[in-house]
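Descriptive analysis of the structure
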Amino acid sequence: MILIADCGSTKIDWCLLNGNEKVAQIFTTGMNALLLTQEEMTERIKTELMPHIVGYRVDEIHYYGAGIINDEIKGHVVNALKANIPTATSIEVDSDLLAAARALCQHEPGVACIMGTGSNSCFYDGEKVVDNVSPLGYILGDEGSGAVLGKLLVGDVLKKQLPEEVCQKFLKQYNTDRTEIITNVYKKPAANRYLASFAPFLQENIGVPEVHDLVLRAFKAFFQRNITNYARYNELPCNFVGSIAFLQKKILHEAAQEFGITIGNVIQNPMEGLIKFHSK
């Protein structure tokens, strides 16, 4: 059997396959391999995943995760998996970016993008990631992401760049004010997730011209600062995975037109694409 893991910092989506048949799908607490020790990952897999797959013989594991940035970290994840699933004779550990590329492009070349809480992109040759423009995080980059859209929205609300009724609606809907927002952004952890939590407000009010323009400008910045750096960016499809891209597909197409970019697949999460890629 094949075990696939799509691992983020918030949750892990595990899928157990028998050939091309889905046997089980399990959700556990997320793990960022950059922030956890091998021992912590081993224990978390033991307590959260293993009770759900007792009785199944896993022969092959494909683990895609947050924080997989070098071979040392890959080794820690491999060891944590081996300690819990000794029957696996093949264990592949790689980044969430490769997961996105495989889910979106399968075995064809193309540009693969992640656009959720954060954003990222790569050029995929049909087998591996061959080029990647560093996303740089929501302070220096992450254009088009939920965190950056939230940052732009909050800034425009507090600086009264949006219609008055929209500003008041925002503050009332989230029962917040300037002081609380500044405290959460500058003094509390996970400011990126806090800012991204406001992204649904943009979707709800996308009919307001100023809100539409805010999202459009952010998506144009994503294409300009990331995608146009790839060779053949306007010859191959540009594909997306993530809630922001999925919910704002119409504006994504609108932004892409300015750069002569063709939008390909746009999906909310990568698991179904990964199942297709790894099915036998």
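Analysis parameters
- Residues numbered from 1 in each chain as written.
- Predicted model: local features only at pLDDT ≥ 70, side-chain atom pairs only at ≥ 80, totals over all residues.
- Heavy atoms only, no water.
- Helix = DSSP H or I, 4+ residues; strand = E, 2+ residues; numbered from the N terminus.
- Contact = heavy atoms within 4.5 Å.
- Pairing = 2+ DSSP bridges.
- Axes fitted to C-alpha atoms, helices over the stretch in contact; angles between N-to-C directions.
- Buried < 20%, exposed > 50% of the residue type's maximum accessible area, 1.4 Å probe, protein only.
- Parallel < 35°, antiparallel > 145°, perpendicular 65-115°, else oblique.
- Nonpolar A, V, L, I, M, F, W, Y, C, P; charged D, E, K, R; others polar.

1. Some details on the environment of Lys46
Relative to the elements of secondary structure, Lys46 occurs in helix 1 (residues 38-49). Note: C-alpha distance between Lys46 and Ala80 (34 residues apart in sequence) is 9.1 Å. With residues up to four places along the chain from it excluded, the contact list for Lys46 reads Pro51 and Asn84.

2. Let's talk about the sheet that holds strand 3 (residues 21-29)
Taking strand neighbours across the sheet as the criterion, the five strands line up as 3-2-1-4-5 in an open arrangement whose pairing is mixed. A single partner strand is all that each edge strand has here, and the edge strands are strand 3 and strand 5 (90-95). Direction aside, the axes of adjacent strands within the sheet are offset by 15° on average. Where strand 4 (residues 60-65) and strand 5 come together, six bridges link them in parallel fashion. If you follow Gly65 over to strand 5, its bridge partner there is Ser95. Across the sheet, helix 2 (residues 71-84) touches strand 2 (11-18), strand 4 and strand 5, and the angle it forms with strand 5 is around 140°.

3. Things to note about the environment of Gly155
One can find Gly155 in helix 5 (residues 146-158). Residues Gly155 and Asp6 lie 149 residues apart in sequence; the distance between their C-alpha atoms is 33 Å.

4. Some remarks on unusual backbone geometry
Phi is mostly negative for residues that are not glycine, and the peptide bonds are mostly trans. The backbone of Leu136 sits at a positive phi, close to 75°, despite the residue not being glycine. You can see Leu136 is positioned in the loop between strand 8 (129-131) and helix 4 (137-140). Note on Leu136: relative accessible area 51%, which makes it exposed. Here the phi dihedral of Asp142 falls at roughly 55°; this positive angle occurs in a residue that is not glycine.

5. Thoughts on the packing of helix 3 (residues 96-105) against helix 13 (residues 271-278)
Taken N-terminus to C-terminus, the directions of helix 3 and helix 13 make an angle of 75°; their axes are 8 Å apart at the nearest point. Overall, the two elements helix 3 and helix 13 adopt an arrangement that is roughly perpendicular. On helix 13, the residues touching Ala99, Arg102 and Ala103 of helix 3 are Gly273, Leu274, Phe277 and His278. Of the residues assigned to the contact of helix 3 with helix 13, the class counts are four nonpolar, two polar and one charged.

6. Looking at the sheet that holds strand 10 (residues 263-267)
Spatially, 8-7-6-9-10 is the arrangement adopted by the five strands of the open sheet, whose pairing is mixed. Edge strands, defined here as strands with exactly one partner in the open sheet, are strand 8 and strand 10. With direction set aside, neighbouring strand axes in the sheet form an average angle of 35°. By the bridge criterion, six bridges tie strand 6 (residues 110-115) to strand 7 (residues 119-124) in an arrangement that is antiparallel. Across the sheet, residue Cys113 finds its bridge partner in strand 7, namely Ser121. Across the sheet, helix 3 is in contact with strand 6, strand 7, strand 8, strand 9 (238-241) and strand 10; its angle to strand 6 comes to roughly 120°.

Read these as spatial facts, not as claims about activity.
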